[in-house]
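One-letter residues, chain by chain:
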Amino acid sequence: MVNNVEALITDTIYLIFDLDGTLINTDKANFLSYQEAIKNVKNIDLNLIYDDKERFTRDKLNTIIPHLTVQKFEKIIEMKTSLFQKYLEHTILNTPILEIINKFSKTNQIILATNSHTIKADLLLNYYDLFNLFNKKYYKESYAGEDNKYQYIINDLNIKSNDIIIFEDNHNEICKASNLGIPSENIINPNIKEKIYE
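Per-chain numbering applies: the sequence of each chain, read as written, is numbered from 1 onward. In keeping with the model being predicted, local features are shown solely for residues with a pLDDT of at least 70 and side-chain atom pairs are shown and tallied solely at 80 or more, while totals for entire chains, interfaces and linings include all residues. Side-chain measures were taken over the full set of non-hydrogen atoms in the model, leaving aside hydrogen atoms and water.

### Observations concerning helix 5 (residues 70-83)
- Look at helix 5: 20 Å from first C-alpha to last across 14 residues, which is about the 20 Å you get at 1.5 Å a residue.
- The secondary structure elements touched by the buried residues of helix 5 are helix 2 (27-42), helix 4 (58-64) and helix 7 (118-127). Going along the chain from the N terminus, every DSSP run of H or I of four or more residues is numbered as a helix, and every run of E of two or more is numbered as a strand. Expected helix span is taken as 1.5 Å per residue step, with the number of steps being one fewer than the number of residues. The contact rule is simple, with two residues in contact once any of their heavy atoms fall within 4.5 Å.

Structure representation (structure tokens):
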């Protein structure tokens with residue numbers, strides 16, 4: 001993976017990394033947090049009604065538990081957030097991505113671009129001792145009200161779309177990045193092997 005990406009990287013390139021699903025896989029910890037929160041609030045076993053092979057989200061919460069009141073929904077989200085720390089050991093660091101960060105951190109700008117809230121993202125970064133690897137961090141709160149986190153970052157850093165390489169696993173975010181004119185070879189999805197492996 002590192003060798004294939006290296007050819008694209010010059011010292012003027014900004015390397016922008018997503019967090020959840022790209023640098024750290026949080027799906028299992030996320031599911032376990034939701035599972036415990038739903039059990040506490042609604043006394044429903046999430047294992048019985050949901051396949052944990054797919055990431056569990058707020059949208060799915062409303063889908064699988066119909067007629068969930070706003071108060072109960074917010075209680076589940078609040079409890080899930082506070083429980084997440086308990087399940088950090090169920091997260092997985094993406095070592096090949098970390099190798100890229102370590103290799104180029106002295107020559108390139110290393111940027112975090114996450115849709116996670118600051119508290120959760122910093123919890124993950126500190127758990128894996130990654131907090132100080134980034135020159136700049138953008139969290140969900142950074143681009144509140146913005147539709148495209150990459151547009152916001154390009155504007156904030158005053159850089160061109162062909163001056164960045166993005167590491168992103170979310171299809172919608174990849175499409176948004178592509179629509180900005182970021183070359184397709186500069187958008188790396190770590191979950192699609194043919195894009196990054198020989």
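### A look at the side chain of Ser161
- With respect to the helices and strands, the residue Ser161 is situated in the loop between helix 8 (149-157) and strand 6 (164-167).
- Within the structure, the side chain of Ser161 is placed 3.5 Å from the backbone oxygen of Leu180, a separation counted as a polar contact.
- Those residues in contact with Ser161 that lie beyond four places of it in its chain are Ile154, Leu180, Gly181, Ile182 and Pro183. Under the rule applied, a polar contact is a pair of N or O atoms within 3.5 Å (in protein, one hydrogen donor and one hydrogen acceptor; residues adjacent in sequence only if both atoms are side-chain atoms).

### Side note on the sheet that holds strand 7 (residues 187-188)
- What the five strands build is an open sheet, ordered 5-4-1-6-7; its pairing is parallel. Strands at the two margins of the open sheet, each flanked by one partner only, are strand 5 (136-138) and strand 7.
- Looking at chain direction, strand 1 (residues 14-17) and strand 4 (residues 109-113) are connected through four bridges and run parallel. Note on strand 4: the bridge partner recorded for Tyr14 is Gln109. For two strands to pair, DSSP has to find at least two bridges joining them.

### Description of the nonpolar core
- Nonpolar core, defined: a set of buried Ala, Val, Leu, Ile, Met, Phe, Trp, Tyr and Cys residues in which side-chain atoms within 4.5 Å join the residues together. Each residue is placed in one exposure class: buried if its accessible area under a 1.4 Å probe, protein chains only, is under 20% of its type's maximum, exposed if it is over 50%, and partly exposed if it falls in between. Residues Leu15, Phe17, Leu61 and Phe167 are the most contacted members of the largest nonpolar core, which totals 46 residues.
- Among residues more than four places away in sequence, those in contact with Leu15 are Ile9, Ile100, Phe104, Asn108, Gln109, Ile110, Ile111, Ile165 and Phe167.
- Within the second largest apolar cluster, 15 residues are counted, among which are Ile111, Ala113, Ile154 and Ile187.

### Section: the confidence of the model for the protein chain
- In this model, the protein chain carries a mean pLDDT of 90, and residues with pLDDT of at least 70 account for 94%.
- Note that residues 193-198 has pLDDT below 50 and, in this model, twelve contacts with residues that lie over four places away or in other chains. pLDDT measures the predictor's confidence residue by residue and takes values from 0 up to 100.

### A look at the pairing of strand 4
- Where burial is concerned, most of strand 4 is hidden: four out of the five residues are buried.
- As defined by bridge partners, strand 4 adjoins strand 5 across three bridges and the pair is classed as parallel. The partner of Ile111 across the bridge, within strand 5, is Lys136.
- With the strands aimed away from the viewer, a crossover counts as right-handed if its path from the first strand over the helix to the second runs clockwise. Remark: the strand 4/helix 7/strand 5 crossover connection has right-handed handedness.

### Things to note about the packing of aromatic side chains
- Here a pair means two rings of Phe, Tyr or Trp (six-membered ring of Trp) with centres within 6.5 Å. Their orientation is stacked below 30 degrees between planes, edge-to-face above 60, and tilted elsewhere. Enumeration according to the criterion identifies five aromatic pairs in this entry.
- Plain terms: the ring middles of Tyr127 and Tyr128 are 5.0 Å apart, the flat faces sit at 90 degrees to each other, and that makes the pair edge-to-face.
- Relative accessible area serves as the criterion here: at 41%, Tyr127 is assigned to the partly exposed category.
- Taken together through their ring pairs, the aromatic side chains of Tyr138, Tyr143 and Tyr152 make up a single cluster.
- Think of it as a cone above the ring: NZ of Lys or CZ of Arg counts as a charge over the ring if it is within 6 Å of the ring centre and within 35 degrees of the ring normal. The ring of Phe84 has Lys120 sitting right over it, with the charged end atom 4.9 Å from the ring centre.
- It is Lys137 that lies over the ring of Phe131; its NZ or CZ is 3.8 Å from the centre.

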